[in-house]
Amino acid sequence: MSNNYFSDKIATFNFDQFYTKKRRILFHSTLWLLFATFLLLSYILAYDIPPLHSLILTLRMTICNMAVFYTFFYILLPRIFEGGKIKTIVLLLLSIPFCIYLWMAFTYFITLIYNNFGFDIPTGELKGVISKAAEQNFAQALSFRRVLSQIIIVISLLSPFFFVKILFEIFRMYNRTLKLKEQKMKVEIQNINMEKDFLKAQLNPHFLFNTLNNLYGLAIKKDNQTPEVILNLSEMMSYTLYESNTDKVSLYKELDFIKNYFELEKMRYPADNNIQISISNEDRNSGLYIAPLLTFSCIENAFKYGLRSSKEQFIFLNIKTEKNTFYFQLENDIEKINQGISVGGIGLENMRKRLVLLYPDQHELQIENTENRFKVTLKIVLEN
């Protein structure tokens, strides 16, 4: 399975809805119960302490760990991150010895309580540990030397809970980050679709006006091309109005639209103009899909800025598909006065955005704007 599979699963998982207050209490209770169970068994099996005495020692350690854990994560940590970076780092470093001292202080006070009730360990390796610890005063119990001697024990007891909590928070942050990225992407896609709809709205009246003028001329001359032009126009209007409203369309339908548009635009120019279109390896049964009107801005700009050069006028469009890869190359002349102009403008930028959103890591786009020549080369790995 790919990394994207797990990322998608995490992104779609509603963490806040799942991790309710009841489940949080259940989760914490389960962890503390597991800790207490393993600690109890270690007292009984490793230190040969009677079960009842082991249970009381386990209770002491569990209470101490819980006190430090909840003090750190639910009281100290939220306040630590309220300051700047330097202050946060300093406080985080200081919180480590603070937690150790806090743990030892809780242990000492519970030990005093046990001792006052006459509780002690009668047998095993920890025999008399309660009374010996209670003989110390508070300063001795929390002396620097005492802390150094106990630091490994304290860290080993606290680290599993800190590790689980930190891992848990990392997962939650990652989940929220993915959700935010997903929401941002949805907004961007909506914006792109709005731009696409705006593009279609521009296409219809502008292109229709020019085509109807050409049709009028053909009709007056009773040209045999008139029915074919009407059919091409009808297919184009049907495509832009109805079929291109989805995220993906059949590749052959998109190619039909491009061919029809090219043929209708060619009508505006003399027959000797160098306007060429080549579509190879076209298979209507390929099952490939592509984002609708993805390259239309490039083609429209070719006719808008091209065929005006004083040297050589041309528009060359070459499209081919090999297996599931779509190759698009469009080249046209441009006037020198347009060299300083961003040829393509909003339409080309819209295409860039759509490619990034719809075909991340699946496309290559190259744009060359040289003297008297503008060239767009695009490669997309399509999906069935």
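Where an unreviewed UniProt entry is consulted, the protein chain appears under the name Histidine kinase, with the organism given as Elizabethkingia miricola.

What follows deals with the pattern of salt bridges. Taken as a whole and judged by the stated rule, the model has 5 salt bridges. Measuring nitrogen to oxygen at the nearest pair gives 3.1 Å for the salt bridge that ties Lys253 to Glu243. Residue Lys253 is located in helix H10 (residues 251-266), and its partner Glu243 is located in the loop between helix H9 (226-241) and strand S1 (249-250); the two are separated by 10 residues in the primary sequence. Measuring nitrogen to oxygen at the nearest pair gives 3.9 Å for the salt bridge that ties Glu349 to Arg352. Taken together, the residues Glu349 and Arg352, both in helix H12 (residues 345-358) and 3 residues apart, mark about one turn of the helix.

In this section: a nonpolar patch on the surface. Among the surface-exposed residues, Leu34, Phe38, Leu41 and Leu45 lie close enough to one another that they form a single nonpolar patch of about 450 Å² accessible area. With respect to the element layout, Leu45 can be found in helix H3 (residues 21-46). For Leu45, a relative accessible area of 70% gives the class exposed.

Now for the environment of Val164. Here Val164 shows up in helix H8 (residues 144-221). A relative accessible area of 30% means that Val164 is categorised as partly exposed. For Val164 and Leu31, which are 133 residues apart along the polypeptide, the C-alpha to C-alpha distance reads 9.4 Å. Non-local contacts of Val164, meaning those with residues more than four positions away in its chain, are made with Phe27 and Leu31.

Conventions adopted
- Per-chain numbering applies: the sequence of each chain, read as written, is numbered from 1 onward.
- This being a predicted model, a pLDDT of at least 70 is required before a residue's local features are given, and a value of 80 or more before pairs of side-chain atoms are given or counted; all residues contribute to the totals for chains, interfaces and linings.
- To obtain the side-chain values, all non-hydrogen atoms of the structure were included, while hydrogens and water were left out.
- In the sections that follow, a salt bridge refers to a side-chain nitrogen of Lys or Arg positioned within 4 Å of a carboxyl oxygen of Asp or Glu.
- To qualify as a helix, a DSSP run of H or I must reach at least 4 residues; to qualify as a strand, a run of E must reach at least 2; elements of each kind are numbered from the N terminus.
- Here, patches come from residues exposed beyond 30% relative accessible area and free of salt bridges, joined within 9 Å for like charges and within 5 Å for nonpolar side chains (Val, Leu, Ile, Met, Phe, Trp, Tyr).
- All accessibility values rest on the Shrake-Rupley procedure with a 1.4 Å probe; residue burial counts only the protein chains present in the view.
- Each residue's exposure class comes from its accessible area (1.4 Å probe, protein chains only) as a fraction of the maximum for that residue type: buried when under 20%, exposed when over 50%, partly exposed otherwise.
- Two residues form a contact once any of their heavy atoms are found within 4.5 Å.

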